[in-house]
Amino acid sequence: MSYCRWSSDDWMCDVYVYEAEDGFTIHVAGSKYVTEIPKVPSMPHNGTEEQWADWFQKYNHQMEVVKNAKMEKIGGPYDGQDFIFITIQEAYNKLKDIKEHGYNVPQFVFDNMQDEITEGA
């Protein structure tokens, strides 16, 4: 399960966080886009042909912008680092630390992890 990944979150997340066999993995980006990347709405699961065509048009536009977008190093202390934690609480705590060092970690990542922590308590 992925909590946040660069591409599926419109490149607004500086981390890729997921649960794997060996624990909770955090990959920290070393660089990020400085060009504004247009957002693409969620895929229309039971959408009409027109809705799908609109979604593909927006997605293709986003991919064209990404292909030509400028990237720069983030410049933080965790650039390009990977972390693996046994518990979700440890991963949550590290993500808080990563965010405090200026990396973009969307609030929904913390909310989803907190829900799991609370359910497991």
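Refer to the structure printed above.
Before going further, it helps to spend a moment on the overall build of the protein. When its secondary structure is counted, the protein shows three helices and six strands. Helices and strands in the protein line up, N terminus first, as β-β-β-β-α-β-β-α-α. Viewed in the frame of its principal axes, the protein has a C-alpha envelope of about 45 × 35 × 25 Å. Burial statistics for the protein: of 121 residues in total, 31% are counted as buried. Partitioning the intrachain contacts of the protein with sequence separation of at least 6 by distance along the chain shows that 59% fall at a separation of at least 24. Carbon and sulfur atoms provide 50% of the accessible area of the protein, an area that totals close to 7,700 Å². In the protein, which carries 10 positive and 21 negative side-chain charges, the distance between the mean positions of the two groups comes to 9 Å.

A word on the nonpolar core. The biggest cluster of nonpolar side chains holds 22 residues, and the ones touching the most others in it are Val15, Ile26, Val28, Leu95, Ile98 and Met113. Those elements that place two or more of their residues in this core are β1 (2–4), β2 (15–20), β3 (23–28), β6 (82–85), α2 (88–100) and α3 (107–120). No other element matches the five residues that α2 contributes to this core. Those residues in contact with leucine 95, other than ones at most four positions away along the chain, are Val15, Val17, Ile26, Val105, Val109, Phe110 and Met113.

Inspection of the secondary structure puts proline 44 in the loop between β4 (31–33) and α1 (49–68). Measuring from C-alpha to C-alpha, the distance between proline 44 and aspartate 54 comes to 9.8 Å, with 10 residues separating the pair along the chain. Not counting the four nearest positions on each side in its chain, proline 44 is found in contact with Gln51, Trp52 and Trp55.

Okay, the pattern of salt bridges next. Within this structure, the stated rule accounts for five salt bridges. When the shortest N-O distance is used, the salt bridge between aspartate 54 and lysine 58 registers 3.1 Å. Of this pair, aspartate 54 and lysine 58 both sit in helix α1, four residues apart, which is roughly one turn of that helix. Given the relative accessible area of 35%, lysine 58 is considered partly exposed. Across the salt bridge formed by lysine 94 and aspartate 97, the nearest N and O atoms sit 3.2 Å from each other. With a gap of three residues between them, lysine 94 and aspartate 97 both fall in helix α2, about one helical turn apart.

Each value, and the rule that gives it
- Every chain begins its residue count from 1, and numbering advances along the sequence as written.
- Local features in a predicted model are, by the rule used here, given only for residues with pLDDT of at least 70; side-chain atom pairs are given and counted only at 80 or more, and totals for whole chains, interfaces and linings are based on all residues.
- The basis for every side-chain value is the complete set of heavy atoms in the structure, and neither hydrogens nor water enter the calculation.
- Only DSSP runs of H or I reaching four residues or more are called helices, and only runs of E reaching two or more are called strands; each is numbered from the N terminus.
- Each residue gets one of three labels from its accessible area relative to the maximum for its type: buried under 20%, exposed over 50%, partly exposed in between, using a 1.4 Å probe on protein chains only.
- It only takes one pair of heavy atoms within 4.5 Å for two residues to be counted as in contact.
- Every accessible area reported is derived by Shrake-Rupley at a probe size of 1.4 Å, with residue values counting cover from the shown protein chains alone.
- Positive charges come from Lys and Arg, negative ones from Asp and Glu, while His and the chain ends are left out of the count.
- Just so you know, the charge point we use is NZ for Lys, CZ for Arg, CG for Asp and CD for Glu.
- The nonpolar core is taken to be a set of buried Ala, Val, Leu, Ile, Met, Phe, Trp, Tyr and Cys residues, with the residues joined through side-chain atoms within 4.5 Å.
- Salt bridge, as used here: a side-chain nitrogen of Lys or Arg that lies within 4 Å of a carboxyl oxygen of Asp or Glu.

Distances and angles like these do not, on their own, reveal function.
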